[in-house]
Amino acid sequence: MSKYRNIKTVVDGIKFDSKKEAARYCELKLLVRADVIRDLRLQVPFELCPSVTIGGKKQRPIIYKADFVYTENGAQVVEDTKGMRTAEYVIKRKLMKHVHGIEIKET
């Protein structure tokens, strides 16, 4: 069991961090089949801050990985399945809005 008590779950050979995320994937697959959404992608990375050098040491870029990205009614939707909002996630959510102009849909 993980730090936040979520149970890793496998669906279609894909490992999800939680049962909730796996269930949402199944719902989104049905919406794709029903032609309500399209272009469903999983674990899509968004760069929030490029790599920088601090004190002579190169630091990795800051990346937010969206659980799901898809198109609905012609618009891109970036979705995150949340059981618990961590402080790190809250900061990344704000940076997504500031850097990319994207509001994350939380389910």
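Read on for a plain summary of the structure. Everything quoted here is computed from the prediction, not taken from an experiment.

Here's the deal with the pattern of salt bridges
- Going through the model one piece at a time under the given rule, you end up with 10 salt bridges.
- Between Lys-29 and Asp-12 there is a salt bridge, with the nearest N and O atoms lying 2.5 Å from each other. Here Lys-29 is found in helix H1 (residues 19-33), whereas its partner Asp-12 is found in the loop between strand E1 (9-11) and strand E2 (14-16), with 17 residues between them in sequence.
- The shortest N-O distance in the salt bridge between Asp-39 and Arg-38 comes to 2.6 Å.
- Here Asp-39 falls in the partly exposed class, since its relative accessible area comes to 44%.
- Connected via shared salt-bridge partners are Arg-24, Glu-27 and Glu-79.

Looking at the side chain of Arg-24
- Mapped onto the elements, Arg-24 comes out in helix H1.
- Classification of Arg-24 as buried rests on a relative accessible area of 13%.
- Within the structure, Arg-24 has its side chain in polar contact with the side chain of Glu-27 (distance 2.9 Å).
- Once residues within four sequence positions are removed from consideration, Arg-24 is found in contact with Phe-68, Tyr-70, Glu-79, Thr-81, Lys-105 and Thr-107.

Considering the sheet that holds strand E7 (residues 75-80)
- As summarised here, the arrangement of the four strands in space is E3-E6-E7-E8, forming an open sheet in which the pairing is mixed. Only two strands of the sheet have a single neighbouring strand rather than two, namely strand E3 (37-49) and strand E8 (105-106).
- Where E3 meets strand E6 (residues 62-72), nine bridges bridge the pair, whose relative direction is antiparallel. Residue pairing for E6: Arg-41 is matched across the bridge by Val-69.
- Sheet strands in contact with H1 are E3, E6, E7 and E8, and its direction is about 130° off that of E3.
- Strands in contact with helix H2 (residues 87-100) are E3, E6, E7 and E8; relative to E3, the strand with the most contacts, it is inclined by about 95°.

Some details on the nonpolar core
- Within the largest apolar cluster, 11 residues are counted, these being Val-44, Phe-46, Leu-48, Tyr-64, Ala-66, Val-69, Val-78, Tyr-89, Met-96, Ile-102 and Ile-104.
- Among the secondary structure elements, those contributing two or more residues to this core are E3, E6 and H2.
- Aside from chain neighbours lying at most four places away, what touches Phe-46 is Ile-62, Ile-63, Tyr-64, Ala-66, Val-69, Val-78, Met-96, His-100 and Ile-102.
- Core analysis: the second largest hydrophobic core is formed by nine residues, Phe-16, Phe-68, Tyr-70 and Val-77 among them.

The rules we used
Residues numbered from 1 in each chain as written. Predicted model: local features only at pLDDT ≥ 70, side-chain atom pairs only at ≥ 80, totals over all residues. Heavy atoms only, no water. Salt bridge = Lys/Arg side-chain N within 4 Å of Asp/Glu carboxyl O. Helix = DSSP H or I, 4+ residues; strand = E, 2+ residues; numbered from the N terminus. Buried < 20%, exposed > 50% of the residue type's maximum accessible area, 1.4 Å probe, protein only. Polar contact = N/O pair within 3.5 Å; in protein donor to acceptor, adjacent residues only side chain to side chain. Contact = heavy atoms within 4.5 Å. Pairing = 2+ DSSP bridges. Axes fitted to C-alpha atoms, helices over the stretch in contact; angles between N-to-C directions. Core = buried A, V, L, I, M, F, W, Y, C linked by side-chain atoms within 4.5 Å.

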